[in-house]
Number of protein chains: 2
Amino acid sequence: MVPTLEGSPDPLFPDFPRGPLHAYRARASFSWKELSLFLEGEDMLRYKKSIFSALESDPLFARPHGAHLSLEKYRELNFLRCRRIFEYDFLSAEDMFRSPLKVLMFSNCLGMYDWSLATKYFLHTMVFGSAIYNSGSERHFEYIQKVFSMEIFGCFALTEVSHGSNTKAIRTTAHYDPATEEFIIHSPDFEAAKFWVGNMGKTATHAVVFAQLYVPGGQCHGLHPFVVQIRDPKTLLPMPGVMVGDMGKKLGQNGLDNGFAMFHQVRIPRQNLLNRNGDVTPDGTYLSPFKDVRERLGASLGSLSLGRVSIIGMSIVNLQLAVSIALRFSATRRQFGPTQEEEIPVLEYQLQQWRLLPYLAAAYALYHFSKSLFLDLVEQQQGLLGGDRSARQAELGHEIHALASAGKPLASWTAQQGIQECREACGGHGYLAMNRLGVLRDDNDPNCTYEGDNNVLLLQTSNYLLGLLARRFQGGARLQSPLRTVDFLEAYPDILGQRFTGSSFADCLDSAVPLAAYKWLVCYLLRESYQKLIQEKRSGSNDFEARNNCQVYYCRSLALAFMELTVVQRFHEHTHQPGVPPSLRAVLGRLSALYALWSLSRHTAVLYQAERRCSCPGRRDRSS
Amino acid sequence: MVPTLEGSPDPLFPDFPRGPLHAYRARASFSWKELSLFLEGEDMLRYKKSIFSALESDPLFARPHGAHLSLEKYRELNFLRCRRIFEYDFLSAEDMFRSPLKVLMFSNCLGMYDWSLATKYFLHTMVFGSAIYNSGSERHFEYIQKVFSMEIFGCFALTEVSHGSNTKAIRTTAHYDPATEEFIIHSPDFEAAKFWVGNMGKTATHAVVFAQLYVPGGQCHGLHPFVVQIRDPKTLLPMPGVMVGDMGKKLGQNGLDNGFAMFHQVRIPRQNLLNRNGDVTPDGTYLSPFKDVRERLGASLGSLSLGRVSIIGMSIVNLQLAVSIALRFSATRRQFGPTQEEEIPVLEYQLQQWRLLPYLAAAYALYHFSKSLFLDLVEQQQGLLGGDRSARQAELGHEIHALASAGKPLASWTAQQGIQECREACGGHGYLAMNRLGVLRDDNDPNCTYEGDNNVLLLQTSNYLLGLLARRFQGGARLQSPLRTVDFLEAYPDILGQRFTGSSFADCLDSAVPLAAYKWLVCYLLRESYQKLIQEKRSGSNDFEARNNCQVYYCRSLALAFMELTVVQRFHEHTHQPGVPPSLRAVLGRLSALYALWSLSRHTAVLYQAERRCSCPGRRDRSS
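Because the structure is predicted, anything quoted here is derived from the model rather than measured.

**Student:** What am I meant to see in the side chain of Arg231 of chain A here?
**Tutor:** Residues and elements named next belong to chain A. With respect to the element layout, Arg231 can be found in the loop between strand S6 (220-229) and strand S7 (242-246). In this structure Arg231 is buried but unpaired, with Asp257 as the nearest side chain of opposite charge at 5.8 Å. One polar contact links the side chain of Arg231 to the main-chain carbonyl oxygen of Met200, over a distance of 3.0 Å. For Arg231, the residues in contact, after removing those within four places along its chain, are Met200, Gly201, Lys202, Thr203, Ala204, Thr205, Leu236, Leu237, Pro238, Met239 and Val244.

Structure, rendered in structure tokens:
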């Protein structure tokens, strides 16, 4: 493959202009063109290139040089750019179904340009649009058409001033009035105001509003989504009874207009209930298509996973950009040297390598994970839309939920810490706004918070693992899952009996060695967390307290280690598969080993502790 | 003391208005008024109150509510505020000498309001002013008067585009011309442009410029400071030959106008050389008052330490503010609970406590350290100005340099990580600009970089410790220092033979236990670093390479652990002294133990490794 690439006039792979980085590039042990092709595939490279080329040559996307946009101007410009993206029609519906990965790549490309633009576009199309598509029925499809023609502009209103993570406590109400066949949407007080809703601040005309559904007689059937018109599409003036506004400046993503809204007895037609998972008849009777709670939950988890899987992708893009900036700077910035006369690039310092190269490896490993999990989610969503009600489909929903719930924390934190390290590694220059590390950090930051606070989300993953173990103990069900991420746990007593397999430094350079250690670590943390939970309950804690008191050092660590293991496992398999071009095996193997060893090294203290505990045989028996 | 405080109408201690935090405050085991008095002293409390009261009632200091200031407007407003601070005359020269701690408190108060203001003010008065006072002689004192009358406005120009950390490689030149008795200040190329200079962007009229001093014949005598007028004080137009401008938007501190300057053969009078540490006679002969290099170095380190000690104080203020915001929010924000009906404050969750409370303890421990190190520095500076040329004075300079060089990294990183944790712990609300956590993070960030990159600075401290050890081995000099921070090392072989002294959970709640473990850790890391350095040299590395290859896992860890130990030691002593009111002993003891244990816990992996190595007796002998 190499001979046709090198020196090729293909615009997909233009040679880099000769500059200060040339000396380093010339020393590379591999062809970057070949690596790109292997990791992305030609189709995706061409697709990304087409998007970048369009944005590069469109003056609307020129970055105002040196100017400092006001909040209002930035939000206006961002809306104009969003509209232009529709005109380009980068992603047809056909494309989306034939090559779903293009959705992720499209988001990545827009995000590389500016996350305010990507979030504005995707909140309207994918979040608002998908909520209607996935939660609604045929009667709602007219909205979808209007989304893509931009006749309406949408937002997704779940979070309130006082409640975000605890969605059950959401307080906006929707009372059904059979006399007029309408729902009455109402915010009982300030704390129930919808809050943080992206696109709501300035531009949204319609919102999917989550509210507690009450039928006549006063029975509440829980949270349901409703389509509520909040502004006149022509004037953008609020609809009667709707108080809506912009939340003002945020730490980042300031091109996006996050907003708040309060509803004062706003009446909407009965048909505006998005009724896939629950409906109300004209006379006020509540109907649900689900009988089994776990099945219903599995189905609804899919849409939660979509947001989290998207955020994994967003985080990795930020990490990729930051690492590229910092490594290029480090290769050209010279400071100190063996003699007064000769200064060396700061990249040559062991300390600088130690700070930056693990994040380079993390960017590769997590990027692969991001794509593979996205494709898993596509499979799950296709099953759901195809009406698959199998047990495997439900289990797949739970497994992806567990992976997305810990994958988002791992990816967003890795990016957060990586960008900070990159900022500092560039010294003063990293603090200059035009060098972009600040924007990356600020735009990445909400990835740690929205679609579920990272620390709270980790609980979802540890609950999943502990639940599997409990079912194993109680009913004897095998520890296995559709994507096989938990299958190794079936052998957990044996794994805990194994010793570290590396006997030399060279051994550890094969990621299979840290991979085996990770399996041991996850088995250990799973057992310890399970024991701790039982112990808490035995000592009189109720379920709520017991779970809370098992987070620190136990369930939180378990969820993160399990997630890292999954990322390491997938990247190890990807970089060691037979299809890897021989000339890339060495560099990919090193990236895989570096990410695995670096991640594992943060658990060193636990590994030492575990070794001590495990060397006291019989301290605990398996089922106690 | 308590009875006179509670219910007192003294405006120093107004009771908090009854609000959502009341329930928590009522449960406190101590009186916050008593704690304030003990930690700050009545004089300092009154002094701080007087500053806050003045700013609170002055409309110039009102924060423009909801408005988004442009860069230009913010810089203009900041300059007007800076001028107003002069009018208030919060700190007389007499005050400064009688109660030097007021300088730190004054900086803290301004910084609590806005670091852009504090840095603008102090760069002019303390950095520019002190550089002239400390490096100049009587002939320069006219500048000092003009600093305080604001006839001139100053900046400190050391860093260049291509060199910051490596000050020896600074490339601006000052050639002496005996024909006209002038120095010719010149920037040979773009990379030699002065860069990042605070106040230089818009407002400075004069700069202390560091340049390589050349005498006739071409000999270079190294870096020296010169007073260079860069703008006309009336028009603010650049002086002939000076190209000066603003660097544009930064990640934070945008009220401060950081600038760049290039000099094209700018002639200044011979007298503008700040000549305390080196002078040139009219005919071009170079003179230096120092004979001993170590003595000269010790003297000049003092002014470097001033910047770093100030940054420690700045970082801690940021941490204090962030922790206060996050803890107050956590006490009032309710999410989830044991039942659907009852939600509990997020502060009640073990996880939230684990995330935030160590930073609360760190804020107290580091605040005490910041004040005590500031007073040590005052002592050293007074000795210097008093003409003390004793060996102790020189050693004191080196010790404070070591403490400031690792104290700045520890304080700025603790603040950086603490603010990020606080931001995330406040969820979405933490991401709203008005809640200030973003500003704190952005304004704190340069603390990790300026006055020496944190990672590079740590090398200064490890070099200090390794140098002491080498002198011990070579000449038998006792391991001791004026502030006694290193004296325990004299017993290091014995300390390494000791075992962990805590035998129960309760034992560890006395900070004496982690303190002892810290001494062990530092001795271990010192020995390991020393061995590693020798090993690197033996295997053929030159001095430069050997030092570089000892940073990761060795010297870097050594410097940080030594610094943490010093902070723990000082806070332990402060909280366990006989003068602590009995009613405060419990809470102060808990803060001391929490900070010590939390810091130490980050070294758990090293402690385990060390235990293994040390349990192989005779592996290494002491002097090898």
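**Student:** What exactly am I supposed to notice about the sheet that holds strand S7 (residues 242-246) of chain B here?
**Tutor:** Two strands in a sheet stick together by hydrogen bonds in their backbones, pointing the same way (parallel) or opposite ways (antiparallel). Residues and elements named next belong to chain B. The strand order across the open sheet formed by three strands is S4-S8-S7, and the pairing between neighbours is antiparallel. In this open sheet, the two strands that pair with only one neighbour each are strand S4 (194-198) and S7. Averaged over neighbouring strand pairs, the angle between their axes works out to 25° when direction is ignored.

**Student:** Looking at this structure, how should I read the pattern of salt bridges?
**Tutor:** If charged atoms from side chains of opposite charge come close, those side chains can pair. All names here are of chain A. The final tally for this structure, using the stated rule, is 70 salt bridges over all chains. Among the salt bridges present, the one from Lys73 reaches Glu76, with a minimum N-O distance of 3.8 Å. With Lys73 and Glu76 both in helix H5 (residues 71-88) and three residues apart, the pair spans about one turn of that helix. Lys73 gets classed as partly exposed once you look at its relative accessible area, which sits at 46%. One salt-bridge network, held together by shared partners, links Glu94, Asp95, Arg98 and Lys102.

**Student:** Even after reading the chapter, I still don't get helix H7 (residues 101-113) of chain B, so can you show me in this structure?
**Tutor:** For an α-helix, 3.6 residues make a turn, and residues three or four places apart therefore share a direction. A rise of 1.5 Å per residue sets the reference length of H7 of chain B, with its 13 residues, at 18 Å; its end C-alpha atoms lie 19 Å apart and thus fit the reference within 8%. Among the 13 residues of H7 of chain B, 12 are classified as buried, and the element is accordingly described as predominantly covered.

**Student:** I keep staring at the relation of the copies chain B and chain A and nothing clicks. Help me out?
**Tutor:** Think of it as a corkscrew move, a rotation about one axis and a shift along it, taking one chain copy to the other. Under the fitted operation, chain B is carried onto chain A by 0.0 Å of movement along the axis and a turn of 180°, and the coordinates agree to an RMSD of 0.0 Å. Each copy turns onto its partner about a two-fold axis. Taking the C-alpha atom as reference, chain B places Ala605 of chain B closest to the rotation axis, 2.1 Å from it. When the interface residues of chain B are mapped onto chain A, 100% of them again lie at the interface, so the same face is used by both copies.

**Student:** Sorry, what's going on with the nonpolar core here?
**Tutor:** Soluble, globular proteins show a tendency: their nonpolar side chains are buried together. Judged by nonpolar contacts, the single largest core of 129 residues is most densely connected at Ile85, Phe106, Leu110, Leu489, Leu588 and Tyr595 of chain B. Per-element tally for this core: the top contributor is helix H10 (residues 293-332) of chain B, with 14 residues. What Leu489 of chain B contacts, discounting residues up to four positions off in sequence, is Leu465, Leu479, Val522, Cys523 and Leu526 of chain B. Leu35, Leu396, Ala402 and Leu588 of chain A belong to the second largest nonpolar core, which has 127 residues in total.

**Student:** Help me understand the confidence of the model for chain A in this model?
**Tutor:** Detailed reading of the predicted coordinates is not advisable wherever pLDDT falls low. All names here are of chain A. Model confidence for chain A is summarised by a mean pLDDT of 92, while 94% of its residues fall at 70 or above. Note that residues 616-624 has pLDDT below 50 and, in this model, 12 contacts with residues that lie over four places away or in other chains. Both scores are available for the predicted complex, with the pTM at 0.95 and the ipTM at 0.94.

**Student:** What exactly am I supposed to notice about the interface of chain B and chain A here?
**Tutor:** As a measure of interface size, the accessible area lost when the parts come together is often cited. Residue-level contacts link 73 residues of chain B with 73 residues of chain A. The three residues of chain B that bury the most area against chain A are His68, Leu251 and Tyr431 of chain B, which together make up 12% of that side's buried surface. Here chain B and chain A share six salt bridges between them. Residue Asp445 of chain B is joined to Arg441 of chain A by a salt bridge in which the shortest nitrogen-to-oxygen separation is 3.2 Å. Inspection of the chain B/chain A interface yields 40 residue pairs in polar contact (both at pLDDT 80 or more). Elements represented by at least two residues in the side of chain B that touches chain A include exactly S4, helix H11 (350-385), helix H12 (391-425), helix H13 (437-444), helix H14 (454-475), helix H18 (543-548), helix H19 (551-576) and helix H21 (604-614) of chain B. Split into classes, the residues belonging to the side of chain B that touches chain A amount to 28 nonpolar, 28 polar and 17 charged.

**Student:** Which parts of the structure should I look at to understand the UniProt feature "domain: Acyl-CoA oxidase C-terminal" (unreviewed entry) in chain A?
**Tutor:** Within this numbering scheme, the UniProt entry marks residues 512-610 of chain A as carrying the feature "domain: Acyl-CoA oxidase C-terminal" (unreviewed entry). Regarding residues 512-610 of chain A, the helix share stands at 87% and the strand share at 0%, and the terminal C-alpha atoms are separated by 20 Å.

**Student:** Before we go on, may I ask you to explain the sheet that holds strand S4 (residues 194-198) of chain A in this structure?
**Tutor:** Residue and element names in this part refer to chain A. Read from one edge of the open sheet, three strands run S4-S8-S7, paired in antiparallel fashion. The open sheet has two edge strands, S4 and S7, and neither has a second partner. Direction aside, the axes of adjacent strands within the sheet are offset by 30° on average. Examined bridge by bridge, S7 and strand S8 (residues 258-263) share five bridges and lie antiparallel to one another.

**Student:** Explanation requested: the environment of Met44 of chain B in the structure shown.
**Tutor:** Residues and elements named next belong to chain B. The residue Met44 is located in helix H4 (residues 42-56) in this model. Relative accessible area serves as the criterion here: at 7%, Met44 is assigned to the buried category. Sequence separation between Met44 and Asp507 is 463 residues, and the spatial gap between their C-alpha atoms is 35 Å. Sequence-distant contacts of Met44, that is, excluding residues within four places in its chain, are made with Ser99, Leu101, Lys102 and Met105.

**Student:** Teacher, can you tell me more about helix H8 (residues 115-135) of chain A here?
**Tutor:** Residues and elements named next belong to chain A. Along its 21 residues, H8 runs just 26 Å from first to last C-alpha, ending more than 12% under the 30 Å computed at 1.5 Å per residue. Where H8 bends most, the angle comes to about 40°, and this point is Leu123. H8 sits mainly inside the fold: 18 of its 21 residues count as buried. Where H8 begins, the side chain of Asp114 points an oxygen toward the backbone nitrogen of Ser116, at a separation of 2.9 Å.

**Student:** I would appreciate a short explanation of the packing of H8 of chain A against helix H9 (residues 141-148) of chain A in the present structure.
**Tutor:** A packed helix pair is summarised by two numbers, namely the angle formed by the two axes and the spacing between the axes. Residue and element names in this part refer to chain A. Packing of H8 against H9 brings their axes to within 9 Å, and their N-to-C directions diverge by 170°. Here H8 lies roughly antiparallel to H9, going by the angle between them. For the pair H8 and H9, the contacting residues are His124, Thr125, Phe128, Gly129, Ile132 and Tyr133 in the first and Phe141, Tyr143, Ile144, Val147 and Phe148 in the second.

**Student:** Would you mind going over the packing of aromatic side chains with me for this structure?
**Tutor:** Enumeration according to the criterion identifies 47 aromatic pairs over all chains in this entry. A network of ring pairs unites the aromatic residues Phe86, Tyr88, Phe90, Phe106, Tyr121, Phe122 and Phe148 of chain A as a single cluster. Above the plane of the ring of Trp598 of chain B lies Arg602 of chain B, whose end atom (NZ or CZ) is 4.3 Å from the centre.

**Student:** Just checking my understanding: could you explain the environment of Tyr359 of chain A for this structure?
**Tutor:** Residue and element names in this part refer to chain A. Mapped onto the fold, Tyr359 is located in helix H11 (residues 350-385). Classification of Tyr359 by relative accessible area gives buried; the value is 9%. Through-space distance from the C-alpha of Tyr359 to that of Val323 is 6.9 Å; in sequence the pair is 36 residues apart. Setting aside residues up to four positions removed in sequence, Tyr359 forms contacts with Leu319, Val323, Thr414, Gln417, Gly418, Glu421 and Trp598.

**Student:** Which parts of the structure should I look at to understand the side chain of Glu160 of chain A?
**Tutor:** Residue and element names in this part refer to chain A. Within the secondary structure layout, Glu160 lies in the loop between strand S1 (154-157) and strand S2 (173-177). In this structure Glu160 comes out as buried when scored by relative accessible area, which is 1%. Within polar-contact distance, the side chain of Glu160 engages the backbone nitrogen of Arg171 at 2.8 Å. Reaching out from Glu160, the side chain makes a polar contact with the side chain of Thr172 at a distance of 2.6 Å. Residues within four places of Glu160 in sequence aside, it is in contact with Ile170, Arg171, Thr172, Glu191, Ala192, Ala193, Lys194 and Phe195.

**Student:** Teacher, can you tell me more about a nonpolar patch on the surface here?
**Tutor:** Residues and elements named next belong to chain A. Where nonpolar side chains cluster on the molecular surface, the patch consists of Phe97, Tyr133, Phe141 and Leu385 and spans about 380 Å² of accessible area. In this fold, Phe141 is placed in helix H9. Relative accessible area serves as the criterion here: at 31%, Phe141 is assigned to the partly exposed category.

**Student:** Hey, could you run me through the packing of H5 of chain A against H8 of chain A in this one?
**Tutor:** Residue and element names in this part refer to chain A. Two elements in contact, H5 and H8, have axes whose closest approach is 9 Å; the angle formed by their N-to-C orientations is 60°. Classified by the angle their axes make, H5 and H8 are oblique. Helix-helix and strand crossings are classified by hand; for H5 and H8 the assignment is right-handed. Of H8, the residues touching H5 (which contributes Tyr74, Asn78, Phe79, Arg81, Cys82, Ile85 and Phe86) are Ser116, Leu117, Lys120, Tyr121, His124 and Thr125.

Each value, and the rule that gives it
- Residues numbered from 1 in each chain as written.
- Chains lettered and ligands numbered in written order.
- Predicted model: local features only at pLDDT ≥ 70, side-chain atom pairs only at ≥ 80, totals over all residues.
- Heavy atoms only, no water.
- Helix = DSSP H or I, 4+ residues; strand = E, 2+ residues; numbered from the N terminus.
- Buried < 20%, exposed > 50% of the residue type's maximum accessible area, 1.4 Å probe, protein only.
- Lys, Arg positive; Asp, Glu negative; His and termini not counted.
- Salt bridge = Lys/Arg side-chain N within 4 Å of Asp/Glu carboxyl O.
- Polar contact = N/O pair within 3.5 Å; in protein donor to acceptor, adjacent residues only side chain to side chain.
- Contact = heavy atoms within 4.5 Å.
- Pairing = 2+ DSSP bridges.
- Axes fitted to C-alpha atoms, helices over the stretch in contact; angles between N-to-C directions.
- Expected span 1.5 Å × (residues − 1).
- Least-squares fit on C-alpha atoms with pLDDT ≥ 70 in both.
- Core = buried A, V, L, I, M, F, W, Y, C linked by side-chain atoms within 4.5 Å.
- pLDDT = per-residue confidence, 0-100.
- Buried area = accessible area lost by both parts, 1.4 Å probe.
- Nonpolar A, V, L, I, M, F, W, Y, C, P; charged D, E, K, R; others polar.
- UniProt positions renumbered as here; feature names shortened; annotations may be inferred.
- Bend = angle between axes of the 7 residues up to and from the residue.
- Parallel < 35°, antiparallel > 145°, perpendicular 65-115°, else oblique.
- Phe/Tyr/Trp six-rings, centres within 6.5 Å; stacked < 30°, edge-to-face > 60°.
- Lys NZ or Arg CZ within 6 Å of the ring centre and 35° of its normal.
- Patch = residues over 30% accessible without salt bridge, like charges linked within 9 Å, V, L, I, M, F, W, Y side chains within 5 Å.
- Areas by Shrake-Rupley, 256 points an atom, 1.4 Å probe, with all protein chains shown as cover.
- Left-handed = near helix turned anticlockwise from the far one by under 90°.

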